[in-house]
Amino acid sequence: MQATAKATFVRIAPRKVQIVLDLIRNQPVDKAIAILKYTPKAACEPVGKLLKSAIANAENNNDMDVSKLYVAACNVGPGPILKRIRPRAQGRANRINKRTSHITITLAEKE
């Protein structure tokens with residue numbers, strides 16, 4: 001049995017989130033929470049909230065034992081890009097892409 005949680009349109013670039021997800025993949029949930037708490041990355045805050053949401057889903061919706069849970073799968077995909085413009089010299093403009101992410105975390109019970 002598995003429990004999932006999904007966060008969409010998170011305002012942080014997917015490649016920055018991927019670094020954090022690689023740290024917690026295949027870890028027990030208590031260790032994953034500790035890793036996220038002490039890692040100085042901006043992506044740790046939304047990933048931590050999503051992990052706690054997945055734990056709550058597993059406990060309340062699927063009647064899973066929280067002490068046996070581990071991060072079975074976690075992935076991130078690109079969301080829509082917010083396109084902004086920065087003025088440059090001689091009347092030109094450069095585009096700034098503000099990227100968004102769709103993050104998914106799946107938890108499973110150890111046998």
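Residues numbered from 1 in each chain as written. Predicted model: local features only at pLDDT ≥ 70, side-chain atom pairs only at ≥ 80, totals over all residues. Heavy atoms only, no water.

Asks: Looking at this model, I keep getting lost on the pattern of salt bridges. Mind explaining?
Replies: Think of it this way: side chains of opposite charge can pair up when their charged atoms draw near. Per the counting criterion, the structure on display carries one salt bridge. Put simply, Arg25 and Asp22 hold a salt bridge, and the shortest N to O gap is 2.7 Å. Take Arg25: its relative accessible area is 27%, and that puts it in the partly exposed class. The class for Asp22 is partly exposed, based on a relative accessible area of 45%. (Salt bridge = Lys/Arg side-chain N within 4 Å of Asp/Glu carboxyl O. Buried < 20%, exposed > 50% of the residue type's maximum accessible area, 1.4 Å probe, protein only.)

Asks: Just checking my understanding: could you explain the nonpolar core for this structure?
Replies: A general trend in soluble globular proteins is that nonpolar side chains are found buried together. Counting residues in hydrophobic clusters, the biggest one holds 28 residues, and the most contacted among them are Val47, Leu51, Ile105 and Leu107. Of all the secondary structure elements, the ones that give two or more residues to this core are β1 (2–10), α1 (14–24), α2 (29–37), α3 (44–60), β2 (69–78) and β5 (101–109). The element that contributes the greatest number of residues to this core is α3, accounting for seven residues. Non-local contacts of Val47, meaning those with residues more than four positions away in its chain, are made with Val17, Val20, Leu21, Ile24, Leu36, Ile103 and Ile105. (Core = buried A, V, L, I, M, F, W, Y, C linked by side-chain atoms within 4.5 Å. Helix = DSSP H or I, 4+ residues; strand = E, 2+ residues; numbered from the N terminus. Contact = heavy atoms within 4.5 Å.)

Asks: How should I be thinking about the pairing of strand β4 (residues 93–98) in this particular structure?
Replies: The two faces of a sheet get side chains in turn, since along a regular strand they alternate between them. Across six bridges, the pairing between strand β3 (residues 82–87) and β4 is antiparallel. Note on β4: the bridge partner recorded for Lys83 is Asn97. Between β3 and β4, which pair antiparallel and follow one another directly, the connecting turn spans five residues, one of which, Gln90, has a positive phi of 60°. (Pairing = 2+ DSSP bridges.)

Keep in mind that these numbers describe shape and distance, not what the molecule does.
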